[in-house]
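Observations on chain architecture
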Amino acid sequence: MIVMKFGGTSVADAERIRTVAALVGARLDRRPVVVVSAHAGVTNLLLDLAHRALKGPTPVAEVRDRHRRILDELRLPPDLLQEEMDDLRSLMKGISLVGELTPRSLDCILSFGERFSARVVAAAFRTEGLAAEARDAYDLGLVTDSRFGGAVPLESSYAEVGRALRKMKSVPVVTGFIGKDRQGNITTLGRGGSDFSASILGRAVGAEEIQIWTDVDGVMTSDPKICPRSRSLDVMSFAEASELAYYGARVVHPATMIPAVKAGIPIRVLNTYRPDHPGTVILAKSPRSRQAVKSIAYRTHLSLITVTSSRMLMQPGFMAKLFDVFGRHEVVIDMVATSEVTVSLTTDGRKDIGPVIEEVREIAEVEVEKNQAVVCLVGEGIRRQPGTVAAAFDTLRDARVGLRMVSFAASNVNVSVLLPQKDVERAVRALHARFFEEEAPSKPAGPRRRSAKNPKAANKRKALRK
Ligand code: ADP
Ligand code: ASP
Ligand code: MG
């Protein structure tokens, strides 16, 4: 069996959905399990409606019309989603009446995107002559914990889901992104979580491959939206892909690699717009590559927290105390750097960290700077070529990007730097140019030798540094 997951843009309209039907139809001999995201833009629209409902009655007309158009173009019955649309309407009404939007009710609202799209896609498959049936992942037995907005499946789900899927005679079209907890509440796996769903289903059925069909030619040397000269990678390791995803390369959700690693199933990232392109295969081990840096990721909206305590030196256990505060408030720390009297930490700046800061202030001085970003170079070769770090610093200095923090360890497959968010695109483009666009690729990616004989270039560099 294989899993074929189609993201929002791949099921954005009738034409894209017909393309998906053809892709699935051509692979019936591999017994595909299809996983779908909501149609492009629908999750954001639902999120927006949910917040608007807090302020007063909010009609679901925008969501209804978006789906009606797709149904119309596919010549499917206009009332195909009536039952779910009515449920969504009631839920919205409840939220505007009560004036409260809990993480639990938000997950329930967001789940409609995938529930709609699975039904539309399965019905479209049938009109294209493919025997297919829509399934909500939780009805197959996908049970998660109760962390709304970022749930993870319970171990017992795998066997259950595997059994349910293997029994199906027609092509299952399964909702990505959602599950249910033990109490029966709908949960979501976090934004972009349909990739994770695909991998969960892949492990559940012991798939030979998990295919992530998206709108680019696989995992690329950087985000092609900000670096148009990005090119796709043939192969990378689970470790590299996890780092890239964690540091913001949206192309696969960071948790996708976990079930795949556990079951040893390759993940292949493919382009729905160019199905003949081989894309990128993600494997347990990728072959040694001459290129130390494989890809550059970036993540924005981070906060830098600087904790200062002149008494730290004499206090064993200070760090434990500090991290305990973050842990209790469930605030995730991304990067850490320490000196004798300060600890610098980064965290997602969109989360409310007020209560953590308040508590840390009881043991130290704290300063918070918002609008920071991390840029991360990923590649297993980095640890074999320490010159990479020097080259990255050189490049960022030449691009006049000021660094706030650096993270690199000998065993790492990444080097990450924190910088002001306003500089992030410039930094990524400069690093991309340095590591992927320079000629003579036979030269290892080490620090560039500067010719002392070229006074013009030296003057230009001096001028740039000012
Ligand atoms: P889908 O809707 O198919 O899940 P996403 O929008 O979540 O698609 O992810 C695909 C997008 O990820 C691409 O359009 C691209 O802009 C972005 N992206 C960021 N970093 C990378 C990268 N290193 N390689 C490929 N795509 C990337
Ligand atoms: N529809 C969800 C989102 O937009 C899940 C996904 O697309 O993977 O986050
Ligand atoms: Mg995605």
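Heads up: the structure comes first, above all this text.
These notes cover the structure that comes with them. Along each chain, residue indices are assigned from 1 in the same order as the chain's sequence is written. Following the order in which they are written, the chains are lettered starting with A and the ligands numbered starting with 1. A pLDDT threshold of at least 70 governs which residues receive local features in this predicted model, and a stricter bar of 80 or more applies before side-chain atom pairs are shown or counted, although totals over entire chains, interfaces and linings include all residues. Each side-chain value is worked out from all heavy atoms of the structure, with water and hydrogens disregarded.

The next thing to look at is the site of ligand 2. In these notes, residues near a molecule or strand are those with any non-hydrogen atom within 4 Å of it. As a matter of local geometry, ligand 2 sits amid Ser37, Thr43, Glu114, Phe177, Arg191, Gly192, Gly193 and Ser194. Between N or O atoms, a polar contact is any pair within 3.5 Å; within protein, one atom must be a potential hydrogen donor and the other a potential acceptor, and residues adjacent in sequence are included only when both atoms are from side chains. Contact distances for ligand 2 include 2.7 Å between a nitrogen atom and a side-chain N or O atom of threonine 43. Separating an oxygen atom of ligand 2 from a backbone N or O atom of glycine 193 is a distance of 3.4 Å. With the chains in place, 85% of the 260 Å² that ligand 2 exposes on its own is no longer accessible. We call Asp, Glu, Lys and Arg charged. Ala, Val, Leu, Ile, Met, Phe, Trp, Tyr, Cys and Pro are nonpolar, and the rest, Gly among them, are polar. A per-class count over the shell around ligand 2 returns one nonpolar, five polar and two charged. Here the open area of atoms and residues is found with the Shrake-Rupley method and a 1.4 Å probe, where only the protein chains shown may cover a residue.

What follows covers the pairing of strand 14 (residues 342-348). Relative accessibility under 20% of the residue-type maximum defines a buried residue, over 50% an exposed one, and the middle range a partly exposed one, all with a 1.4 Å probe and only protein chains included. To qualify as a helix, a DSSP run of H or I must reach at least 4 residues; to qualify as a strand, a run of E must reach at least 2; elements of each kind are numbered from the N terminus. By the criterion of burial, strand 14 is predominantly enclosed, with six of the seven residues buried. In this analysis, strands are considered paired if DSSP registers two or more bridges between them. Direction of pairing for strand 12 (residues 295-308) relative to strand 14: antiparallel, over a ladder of seven bridges. Of the residues in strand 14, the one forming a bridge with serine 303 is threonine 347. If you look at the hairpin formed by strand 13 (residues 336-338) and strand 14, you'll find three residues sitting between the two strands.

It helps to recall that an α-helix has 3.6 residues per turn; residues three or four apart then point in one direction. The span expected for a helix works out to 1.5 Å for each residue beyond the first. Across its 25 residues, helix 5 (residues 103-127) extends 37 Å between first and last C-alpha, which sits within 8% of the 36 Å expected from 1.5 Å per residue. For helix 5, the buried fraction is high: 19 of the 25 residues fall into the buried class. Glycine 129 sits one or two positions beyond helix 5 and adopts a positive phi of about 90 degrees.

As a structural note, the neighbourhood of ligand 1 is formed by 17 residues, with Thr214, Asp215, Met220, Asp223 and Lys225 the closest of them. A distance of 3.1 Å is found between an oxygen atom of ligand 1 and a side-chain nitrogen or oxygen belonging to lysine 5. Within the complex, the protein chains bury 90% of what would otherwise be the 570 Å² of accessible surface of ligand 1. Considering only residue class, the shell around ligand 1 consists of six nonpolar, six polar and five charged.

Glancing now at the packing of aromatic side chains. Here a pair means two rings of Phe, Tyr or Trp (six-membered ring of Trp) with centres within 6.5 Å. Their orientation is stacked below 30 degrees between planes, edge-to-face above 60, and tilted elsewhere. Tallied over the full model, the rule gives three aromatic pairs. Ring centres of phenylalanine 6 and tryptophan 213 lie 6.0 Å apart, and the angle between their planes is 20 degrees; on these two criteria the pair is classed as stacked. A residue pair is termed long-range when its members are at least 10 positions apart, and phenylalanine 6 in strand 1 (residues 2-6) and tryptophan 213 in strand 8 (residues 209-214) qualify at 207 residues. With a centroid separation of 5.9 Å and an interplanar angle of 40 degrees, the aromatic rings of phenylalanine 112 and phenylalanine 116 are classed as tilted. Here the residue phenylalanine 112 and the residue phenylalanine 116 both occupy positions in helix 5, the gap between them amounting to four residues, near one helical turn.

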